[in-house]
Amino acid sequence: MSVENVLKAIQENNIEWVDFRFVDLAGRAHHISLPASAVDADTFVNGVAFDGSSIQGFRGIEESDMVMMPDPEATYVDPFTAHPTLNVMCDIFTPDGERYERDPRSIAVKAEAFLKESGVGTAAFFAPESEFFIFDDVRYESGTNSSSYYVDSEEASWNTNRKEEGGNLGFKVRTKGGYVPVAPVDTQQDIRSEMCRLLEEAGLSIERHHHEVATAGQAEINFRFDTLKKTADNLLVYKYIVHNTARQYGKVATFMPKPLFGDNGSGMHVHQSIFDGDSPLFYDKAGYANLSEMALHYIGGILYHAPALIALTNPSTNSFKRLVPGYEAPVNLVYSKGNRSAAVRIPVAAVTPKGCRIEFRTPDSTANPYLAFSAMLMAGLDGIKRKINPTELGYGPLDKNIYDLSDADKENIRSVPASLEEALDALAADNEFLTEGGVFTKEFIDNYINLKRDEAKAVAIRIHPHEYSLYFDC
């Protein structure tokens, strides 16, 4: 959409407010609203000022002035505001007109440009499967003398014996038994359908929705693939609409990877492929699972750099509560066709040449999508450049249920890092593939590692409630 068309849409939709948004290092959106009467063509040239020192990981107070530059291609009408509002995604610039190197969206722009300059292809396409939970009640605290969390859901397995006004109606979702049941077990058909309706209105193309494996309202909505930056934009819209639709229903949605102990967590499986114009580059009918040599080298790059990559695709301490064996978590750094126990899966059901792709199953939705997608692309391109053969490095293919293998058979299978600290150590040791072409800068990576180490330390030094169960009577 051109600037002219954006201004026309403001008039035609009787927009009262224009909401300018940007994303921080953690992937959370922030916004400033201007009266629609104050927005004109110059706004898209001069931008909207904000205080960068108030955003974690951005600038110090001595150099806090920053500018949001609106992107007329990334707009949609907000479905939740009482006053008609148009949301506009922005890039971040310094006051002297330079792109801000810590702006995650600018890194996505540079990654897409690097792909084209490499001569490998013209566009990388991404499609995330971002799972989430819908709860009825959430309470938590972390203080000096107490630390606790509590979540509840009307359909949770632990509520089969709960006394309710009017009687308990049963039909709860069994632990690890929530994959695509019909109503009345699945209580959230309508709320997911409403989410999909609003997502379609915002410009996303919805493919399907369903209940996921875990009890207590785990859900998944799939939207159609797009280019790297556009898909990251769409994922922010997706999370915004999921969160606020749940709120309108008197519920709460979370993309936290592991909010429940003893049941499946929520991942963000990321499908990806590279095209040259209209030609798919990952397809070869003669190859393993219809994959081209380029696709295998891309997989090699993903798996080779995976320990470092995971610091960006699974960037929370909670991520590693999900990345444990036994809950369909893809902790094994191998590739396989149709095998969900492998970190990289090649979908083989009803796949066309243009639909041929690889699926990296390890990521989760605590990732900043601009950073995570860019990092995955850079790892894959490094694999293509260096012709990294995943089979020669012992990364598969492994077409077996890895969880059922003997300990001896598992000995040579490399696993993901066991903690955020381990992943950050790996990123500190292996980041040159990210700095190719200046896509990520060394300063950005160092700053990111320091911020995430602070998060890991904040969790590590706190007293865990389960420690009382283990040690109070010592």
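Remember, predicted model here, so these are calculated numbers, not experimental data.

Rules used in this analysis
- Residues numbered from 1 in each chain as written.
- Predicted model: local features only at pLDDT ≥ 70, side-chain atom pairs only at ≥ 80, totals over all residues.
- Heavy atoms only, no water.
- Core = buried A, V, L, I, M, F, W, Y, C linked by side-chain atoms within 4.5 Å.
- Buried < 20%, exposed > 50% of the residue type's maximum accessible area, 1.4 Å probe, protein only.
- Helix = DSSP H or I, 4+ residues; strand = E, 2+ residues; numbered from the N terminus.
- Contact = heavy atoms within 4.5 Å.
- Expected span 1.5 Å × (residues − 1).
- Salt bridge = Lys/Arg side-chain N within 4 Å of Asp/Glu carboxyl O.
- Axes fitted to C-alpha atoms, helices over the stretch in contact; angles between N-to-C directions.
- Left-handed = near helix turned anticlockwise from the far one by under 90°.
- Nonpolar A, V, L, I, M, F, W, Y, C, P; charged D, E, K, R; others polar.
- Phe/Tyr/Trp six-rings, centres within 6.5 Å; stacked < 30°, edge-to-face > 60°.
- Lys NZ or Arg CZ within 6 Å of the ring centre and 35° of its normal.
- Pairing = 2+ DSSP bridges.
- Patch = residues over 30% accessible without salt bridge, like charges linked within 9 Å, V, L, I, M, F, W, Y side chains within 5 Å.
- Areas by Shrake-Rupley, 256 points an atom, 1.4 Å probe, with all protein chains shown as cover.

Novice: Talk me through the nonpolar core; I want residue IDs and the actual numbers.
Specialist: The biggest cluster of nonpolar side chains holds 119 residues, and the ones touching the most others in it are Phe-132, Tyr-238, Ile-274 and Leu-377. With eleven residues, helix α9 (residues 369-386) is the single largest residue contributor to this core. When sequence neighbours within four positions are dropped, the list of residues in contact with Tyr-238 reads Ser-130, Phe-132, Leu-199, Leu-204, Ile-221, Phe-223 and Phe-255.

Novice: Report on the environment of Arg-247, specifying residues and quantitative values.
Specialist: Tracing the backbone shows Arg-247 in helix α5 (residues 228-248). Each C-alpha atom of the pair Arg-247 and Glu-129 lies 22 Å from the other, and the pair is 118 residues apart in sequence.

Novice: Describe helix α13 (residues 442-460), and please don't skip the residues or the numbers.
Specialist: Every α-helix winds through 3.6 residues per turn, so residues three or four apart in the chain are directed the same way. In a regular helix each residue adds 1.5 Å, so 19 residues correspond to 27 Å; α13 covers 27 Å between its end C-alpha atoms and thus fits that length. Along α13, the residues classified as buried are Phe-444, Ile-445, Asn-447, Tyr-448, Ile-449, Leu-451, Lys-452 and Ala-456. The elements touched by buried residues of α13 are α3 (104-118), α7 (306-313), α9, α11 (420-429) and α12 (432-435).

Novice: For the pattern of salt bridges, give the residues involved together with the corresponding values.
Specialist: Counted according to the given criterion, the structure contains 24 salt bridges. As a salt-bridge pair, Arg-453 and Glu-421 come within 2.6 Å of each other at their nearest N and O atoms. On the criterion of sequence distance, the pair formed by Arg-453 in helix α13 and Glu-421 in helix α11 is long-range, its members being 32 residues apart. Residue classification places Glu-421 among the partly exposed positions, given a relative accessible area of 31%. Residue Lys-442 is joined to Asp-446 by a salt bridge in which the shortest nitrogen-to-oxygen separation is 3.0 Å.

Novice: Break down the packing of α7 against α11 for me, citing the residues and quoting the values.
Specialist: Helix packing for two helices is described by the angle between their axes and how far apart those axes are. Close contact between α7 and α11 brings their axes to 7 Å; oriented N to C, the two are set at 115 degrees. In terms of crossing hand, the pair formed by α7 and α11 is left-handed. Every residue of α11 that contacts α7 at Pro-307, Ala-308, Ile-310 and Ala-311 is listed here: Ala-423, Leu-424, Ala-426 and Leu-427. Considering only residue class, the contact of α7 with α11 consists of eight nonpolar, no polar and no charged.

Novice: Lay out α7 in plain terms, naming residues and giving numbers.
Specialist: Of all eight residues in α7, eight are buried, a share of seventy percent or more. When we look at burial in α7, the residues that qualify are Ala-306, Pro-307, Ala-308, Leu-309, Ile-310, Ala-311, Leu-312 and Thr-313.

Novice: Describe the packing of aromatic side chains, and please don't skip the residues or the numbers.
Specialist: If you walk through the whole model with that rule in mind, you get 17 aromatic pairs. Both rings, one in Phe-132 and one in Phe-255, keep their centres 5.3 Å apart while their planes meet at 50 degrees; by these two values the pair is tilted. Linking Phe-132 in strand β6 (residues 123-135) with Phe-255 in the loop between β12 (252-254) and β13 (268-276), this pair joins segments that are 123 residues apart in sequence. Of the two residues, Phe-132 and Phe-255, neither departs from the other in class, the shared state being buried. Through pairs of rings, three or more aromatic residues link up here, namely Phe-22, Phe-50, Phe-58 and Tyr-100. In this structure, Lys-239 is placed above the aromatic ring of Phe-255, and the distance from its NZ or CZ to the ring centre is 5.2 Å.

Novice: Describe the pairing of strand β4 (residues 65-77), and please don't skip the residues or the numbers.
Specialist: Two faces, one strand: in a regular strand the side chains alternate between the faces of the sheet. With ten of its 13 residues buried, β4 lies for the most part within the structure. Pairing geometry for strand β3 (residues 48-51) and β4, over four bridges, is antiparallel. Bridge assignment links Asp-51 to a residue of β4, and that residue is Asp-65. Sheet analysis places β4 next to strand β5 (residues 85-93), joined by seven bridges and oriented antiparallel. Counted as the bridge partner of Met-69 is Asp-91 from β5.

Novice: Go over the environment of Ala-214, please, and point to the residues and values.
Specialist: When you line up the elements, Ala-214 lands in the loop between β9 (206-211) and β10 (218-223). Its relative accessible area of 0% is what places Ala-214 among the buried residues. Along the backbone, Ala-214 and Gly-178 are 36 residues apart, and their C-alpha atoms lie at a distance of 5.2 Å.

Novice: Describe the sheet that holds strand β2 (residues 29-35), listing the residues and the values that go with them.
Specialist: The strand order across the open sheet built from five strands is β2-β1-β5-β4-β3, with neighbouring strands paired in mixed fashion. Each of the sheet's edge strands pairs with one partner strand only, and the pair in question is β2 and β3. Going across the sheet, the axis of each strand differs from the next one's by a mean of 40 degrees, ignoring polarity. On the sheet, α3 packs against β1 (17-23), β4 and β5 and is oriented at approximately 70 degrees with respect to β5. On top of the sheet, α5 reaches β1, β2, β4 and β5; it is set at about 80 degrees to β4, its chief contact.

Novice: Lay out a nonpolar patch on the surface in plain terms, naming residues and giving numbers.
Specialist: A cluster of nonpolar side chains, contributed by Val-138, Tyr-140, Tyr-149, Val-252 and Phe-261, occupies part of the molecular surface with about 630 Å² of accessible area. With respect to the helices and strands, the residue Tyr-149 is situated in strand β8 (residues 147-152). On the basis of relative accessibility, which here comes to 54%, the residue Tyr-149 falls in the exposed class.

Novice: Could you give me a rundown of the environment of Thr-435, with the residues and numbers involved?
Specialist: Note that Thr-435 resides in helix α12. On the basis of relative accessibility, which here comes to 27%, the residue Thr-435 falls in the partly exposed class. Taking the C-alpha atoms as reference points, Thr-435 and Ile-445, ten residues apart in sequence, are found 9.0 Å from one another. Leave out the neighbours within four places in its chain, and Thr-435 touches Phe-440, Thr-441, Lys-442 and Ile-445.

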